[in-house]
Amino acid sequence: MSTSDDAVPAKAMAEVEGRVRTLCLRHAERLPFHGWHHVSFVRDKAAEFARCNGAEVSVVRAAALVHDVNYLVRRNSAAAEGSGLRRAILAGAGVTPSVIDWVDALVDEAEMRTRHRDISLEAQALSDADTLFKALPVTPVVLAHRYLAENGVSLRELADKIVGEQRGVHDSGFYFYSPAAAASYSRWATANLELWQCIRESLDDPTVERLLTAVG
Ligand SMILES: [Fe+2]
């Protein structure tokens, strides 16, 4: 439920959502992993986590909508590379300059590669939603191959990225910031990391390598 005190009022939010959805659908063939299905999942879960942790819900929701526009700017890029497009979408939707700065900063803050234990509540809510998508048991089964195609990376590169970026935060205890998310989803996260560790190990077997070459 939106209120007049929201950092991103309902009318601007609807504009942001419409613009991002249109872009995602127009470029759907370039976004088989980070398309509208991903953005709308992260939007819904981030808003849910924000309501629970006391973050400003509207800014989290807006940040979720624009958090992955970097993949429209350049394949396999960091969130910061989407800053120009992100700011343009928000400005075009009527979001105020100070809130645009806030959204842009919290998207960077929530990045898996660089996030730390003490990020803001808003970044925590966004991070938990985006991390949950990565840890869903269905993601390696039905979506991982889409990530490879979208970003032009090999299975070994993806396994190295997942284990390299996620093992440290997992073992340090802030894979999820929300205690409720940690209670509900940590088992999935642990299983997912173990799976990717096993995938990486299996690729060192030359017979497995030949198998993968044979299936293309
Ligand atoms: Fe994402």
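Quick note: structure is the one above.
Nothing here was measured: the structure is a model prediction, and the numbers come from that model. (Residues numbered from 1 in each chain as written. Predicted model: local features only at pLDDT ≥ 70, side-chain atom pairs only at ≥ 80, totals over all residues. Heavy atoms only, no water.)

*Asks:* Explain the overall build of the protein chain to me, and be specific about the residues and the numbers.
*Replies:* Helices and strands together make up the secondary structure of the protein chain, namely 11 helices and zero strands. Its helices and strands taken in sequence order, the protein chain reads α-α-α-α-α-α-α-α-α-α-α from the N to the C terminus. Relative to the compact-globule value of 17 Å for 216 residues, the protein chain shows a C-alpha radius of gyration of 18 Å, a close match. Its C-alpha atoms put the protein chain at 60 × 35 × 25 Å along the principal axes. Each of the 216 residues in the protein chain was classed as buried or not, and the buried ones make up 47%. (Helix = DSSP H or I, 4+ residues; strand = E, 2+ residues; numbered from the N terminus. Rg over C-alpha atoms; globule rule 2.2 N^0.38 Å. Buried < 20%, exposed > 50% of the residue type's maximum accessible area, 1.4 Å probe, protein only.)

*Asks:* So what's going on with unusual backbone geometry? Residues and values would help.
*Replies:* One non-glycine residue, Asn76, lies in the positive phi region at around 55 degrees. Among the structural elements, Asn76 can be located in the loop between α4 (70-73) and α5 (83-92).

*Asks:* Describe the side chain of Lys45, with residues and values.
*Replies:* You can see Lys45 is positioned in helix α2 (residues 36-53). A polar contact is formed between the side chain of Lys45 and the side chain of Tyr185, at a distance of 3.4 Å. Filtering out sequence-adjacent residues up to four positions away, Lys45 remains in contact with Ala129, Leu132 and Tyr185. (Polar contact = N/O pair within 3.5 Å; in protein donor to acceptor, adjacent residues only side chain to side chain. Contact = heavy atoms within 4.5 Å.)

*Asks:* Now, about the nonpolar core: what can you tell me, with residues and values included?
*Replies:* Val16, Val20 and Val103 are the most contacted members of the largest nonpolar core, which totals 68 residues. Not counting residues up to four positions away in its chain, the partners in contact with Val20 are Trp36, Val39, Leu65, Val66 and Ile89. (Core = buried A, V, L, I, M, F, W, Y, C linked by side-chain atoms within 4.5 Å.)

*Asks:* Which residues make up the packing of aromatic side chains, and what values go with them?
*Replies:* With the rule as written, the count across this model stands at seven aromatic pairs. On the basis of an interplanar angle of 85 degrees and a centroid distance of 5.1 Å, the ring pair of Phe33 and Tyr147 is categorised as edge-to-face. Highlighted residues: Phe33 in the loop between α1 (10-26) and α2 and Tyr147 in helix α8 (residues 138-151), separated in sequence by 114 residues. A relative accessible area of 6% means that Tyr147 is categorised as buried. Here Phe41 and Phe133 contribute two aromatic rings whose centre-to-centre distance is 5.4 Å and whose plane-to-plane angle is 65 degrees, an arrangement assigned as edge-to-face. In this pair, Phe41 is assigned in helix α2 and Phe133 in helix α7 (residues 121-135), connecting sequence segments 92 residues apart. The class for Phe133 is buried, based on a relative accessible area of 4%. (Phe/Tyr/Trp six-rings, centres within 6.5 Å; stacked < 30°, edge-to-face > 60°.)

*Asks:* Give me the packing of α7 against helix α10 (residues 179-202): which residues, what numbers.
*Replies:* Two elements in contact, α7 and α10, have axes separated by 9 Å at closest approach and are oriented at 40 degrees. Here α10 runs oblique to α7, going by the angle between their axes. Seen from above, α7 lies across α10 with left-handed handedness. Within the contact between the two elements, α7 uses Asp128, Leu132, Lys134 and Ala135 and α10 uses Ala181, Tyr185, Trp188, Ala189 and Asn192. By residue class, the composition of the contact of α7 with α10 is six nonpolar, one polar and two charged. (Axes fitted to C-alpha atoms, helices over the stretch in contact; angles between N-to-C directions. Parallel < 35°, antiparallel > 145°, perpendicular 65-115°, else oblique. Left-handed = near helix turned anticlockwise from the far one by under 90°. Nonpolar A, V, L, I, M, F, W, Y, C, P; charged D, E, K, R; others polar.)

*Asks:* Describe the coordination of the iron ion, naming the residues involved and giving the relevant values.
*Replies:* Summarising the metal site, the iron ion is bound by the protein donors His38 (NE2), His67 (NE2), Asp68 (OD) and Asp130 (OD), whose distances to it range over 2.1 to 2.3 Å. Taken together, the four donor atoms coordinating the iron ion span angles of 83 to 171 degrees at the metal, a pattern that classifies the geometry as irregular. In the primary structure, the donors to the iron ion are separated according to the pattern H-x28-H-D-x61-D. Note that His38 is positioned in helix α2 and Asp68 in the loop between α3 (57-66) and α4, a separation of 30 residues in sequence. In terms of burial, His38 and Asp68 fall into one category: buried. (Donors = N, O, S within 2.8 Å, 3.2 Å for Na, K, Ca; no water. Tetrahedral: all angles 85-135°; square planar, octahedral: opposite > 155°, others 65-115°.)

*Asks:* Please set out the packing of α5 against helix α6 (residues 97-109) residue by residue, giving values where relevant.
*Replies:* Remark: α5 packs on α6, axes separated minimally by 10 Å, with the N-to-C direction vectors making an angle of 145 degrees. α5 and α6 meet at a crossing whose hand is right-handed. Contact with α5, carried on its side by Ser83, Arg86, Arg87, Leu90 and Ala91, involves Ile100, Asp101, Val103, Asp104 and Val107 of α6 and no other residues of that element. Tallied by class, the residues present in the contact of α5 with α6 amount to five nonpolar, one polar and four charged.

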